[in-house]
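So the chains spell out like this:
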Amino acid sequence: MKRRAFLKSAGAGAAAAGAGLAVAGVAAPAIAQSQPEIQWRLASSFPKSTDILFGASELIARRVAESTDGKFQIRAFPGGELVPGLQVLDAVQNGSVQCGHTCGYYYVGKDPTFAFDTAIPFGPNARQTTAWFQAGGLDLMRAFMKNHNVIQFPAGNTGAQMGGWYRKEIKTAADFQGLKIRIAGITGQIMSKMGATPTQIAGADVYPALEKGTIDATEFVGPYDDERLGFHQVAKYYYYPGWWEGGPNVSLYVNLQEWEKLPKSYQSILTAACAEANTYMIARYDSENAKALKRLVAKGTILRAYPRDLMEQAHKIAFEYYDELAKTNPNFKTIYESWKPFLDETQLWFRVAELPYDSFVASAGTKK
């Protein structure tokens, strides 16, 4: 009897050990085979020629496929192929596509609160933006986005942008009167109060509008993308700083129903892929923008700083406008009351530690 009991318990132990090995990964192919095959379409707001912006979408798709042994496939489409670049949110909301890579401030016509998902004038730089998301900003944005049937993932940041291309020189704030400029987000309302005529145009359509004189000026991202899009060929004045985009975030929007249908492992993989895209994008832009700026100047581009009176006027109008919106828009108020104190606190830190260090390094680098 004891011998039979021993053999029985030994057999049970071997079976349990086998199960443990399977979980540990020895039988990983069997586990992988149990996961569903899923195919998604991703609509981007950006043309394929912007290889860093659109490239982030391709990186997400590639990483998801590699991490699931090809079970979870996402096919990325450039702006305009599936839907117009400025209608990505609508396509994700209604389920025409499962996800989209876009900027929230394209949709301020629906609600100005969307701007916090990307950038608003005189807002945080890229590091501050990431910190705010980590410190509760992402939870606030997702609560807002849920009302629009999407869940949002930070999936890129361009870093500080340039102030745009102008066909004529801007000498004072008065030169903004009647200026037709392509601009996105809340900045359009602020420039309108400064006398300009803002318009929102998808990236692929900006060059012909500037070339034909439909617009007098445009902003896009920075030297690397701007050179590839050829703006220096139709406008010679290049202004800085991009006071409306100190650290603009680019997001992956996912349809809520499609997100909830994903296995938890796929959700984790997609989340990690977006985080990688976030790091990838800013690293590429920091690497490429300086080199592109040198090339643009060599080609005859004229660099100009915005006039001081224009900057001061824009800053005053911007924060007066935010206060007005907070009084009339509960969604905006909820986000703004988190965003503004956080911005003030982190700017204090930058003034105390980061900016003096950066200034010293910059001045030391110019010494012979």
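Residues numbered from 1 in each chain as written. Predicted model: local features only at pLDDT ≥ 70, side-chain atom pairs only at ≥ 80, totals over all residues. Heavy atoms only, no water.

1. So, the pattern of salt bridges
Opposite charge on two side chains permits them to pair, given that their charged atoms come into close proximity. In total, this model carries 16 salt bridges according to the counting rule given. One salt bridge connects Glu37 with Lys71, and the closest N-O pair in it is separated by 3.8 Å. Within this pair, whereas Glu37 is found in the loop between helix H2 (28-33) and strand E1 (38-44), its partner Lys71 is found in the loop between helix H3 (53-67) and strand E2 (72-77), the two being separated by 34 residues in sequence. Glu37 gets classed as exposed once you look at its relative accessible area, which sits at 65%. Residue Lys110 is joined to Asp90 by a salt bridge in which the shortest nitrogen-to-oxygen separation is 2.8 Å. (Salt bridge = Lys/Arg side-chain N within 4 Å of Asp/Glu carboxyl O. Helix = DSSP H or I, 4+ residues; strand = E, 2+ residues; numbered from the N terminus. Buried < 20%, exposed > 50% of the residue type's maximum accessible area, 1.4 Å probe, protein only.)

2. Description of the pairing of strand E9 (residues 237-240)
The pairing of strand E5 (residues 164-166) with E9 spans three bridges and is antiparallel. When the bridges of E9 are listed, Tyr166 appears paired with Tyr237. Relative to strand E11 (residues 302-305), E9 runs parallel, the two being bridged by four bridges. Looking across to E11, one finds that Tyr239 is bridged to Arg304. (Pairing = 2+ DSSP bridges.)

3. Looking at unusual backbone geometry
Note that the residue after Tyr240, namely Pro241, is joined by a cis bond; omega there is -5 degrees. Inspection of the secondary structure puts Pro241 in the loop between E9 and strand E10 (249-255). Positive phi outside glycine occurs at Phe122, with the angle close to 60 degrees. Considering the arrangement of structural elements, one finds Phe122 in the loop between strand E3 (99-102) and helix H5 (126-146). Of note, Asn149 is a non-glycine position whose phi angle comes to about 65 degrees, a positive value.

4. Topic: a nonpolar patch on the surface
A cluster of nonpolar side chains, namely Tyr240, Val297 and Leu303, defines an oily patch on the protein surface of about 230 Å² accessible area. Along the chain, the position of Val297 falls in helix H10 (residues 264-298). (Patch = residues over 30% accessible without salt bridge, like charges linked within 9 Å, V, L, I, M, F, W, Y side chains within 5 Å. Areas by Shrake-Rupley, 256 points an atom, 1.4 Å probe, with all protein chains shown as cover.)

5. Thoughts on the nonpolar core
Grouped together as the largest cluster of nonpolar side chains are 110 residues, with contacts concentrated most on Tyr166, Phe176, Ile186, Trp243, Leu270 and Tyr322. With residues near it in sequence (within four places) discarded, Leu270 still touches Trp40, Ile60, Val64, Ile74, Leu252, Val254, Trp259 and Leu262. (Core = buried A, V, L, I, M, F, W, Y, C linked by side-chain atoms within 4.5 Å. Contact = heavy atoms within 4.5 Å.)

6. A look at the UniProt feature "binding site: substrate" (unreviewed entry) in the protein
Here the UniProt feature "binding site: substrate" (unreviewed entry) sits at Gln161, Arg182, Glu219 and Glu245. You can see Arg182 is positioned in strand E6 (residues 180-182). With relative accessibility at 3%, the residue Arg182 sits in the buried group. Non-local contacts of Arg182, meaning those with residues more than four positions away in its chain, are made with Tyr106, Thr199, Ile201, Ala202, Gly203, Val206, Ile215, Ala217, Thr218, Glu219 and Phe220. (UniProt positions renumbered as here; feature names shortened; annotations may be inferred.)

7. A few points about the sheet that holds E10
Taken in spatial order, the five strands line up as E2-E1-E3-E10-E4 in an open sheet, and their pairing is mixed. A strand with exactly one partner marks an edge of an open sheet, and here the two such strands are E2 and strand E4 (150-157). Each strand axis lies, on average, 25 degrees off the axis of its neighbour in the sheet, ignoring direction. (Axes fitted to C-alpha atoms, helices over the stretch in contact; angles between N-to-C directions.)

8. A word on the environment of Ala314
Looking at where Ala314 falls in the secondary structure, it is placed in helix H11 (residues 308-328). What makes Ala314 buried here is its relative accessible area of 0%. As for Ala314 and Ile190, which are separated by 124 residues in sequence, their C-alpha atoms are 7.0 Å apart. Non-local contacts of Ala314, meaning those with residues more than four positions away in its chain, are made with Phe122, Ile190, Met194 and Trp243.

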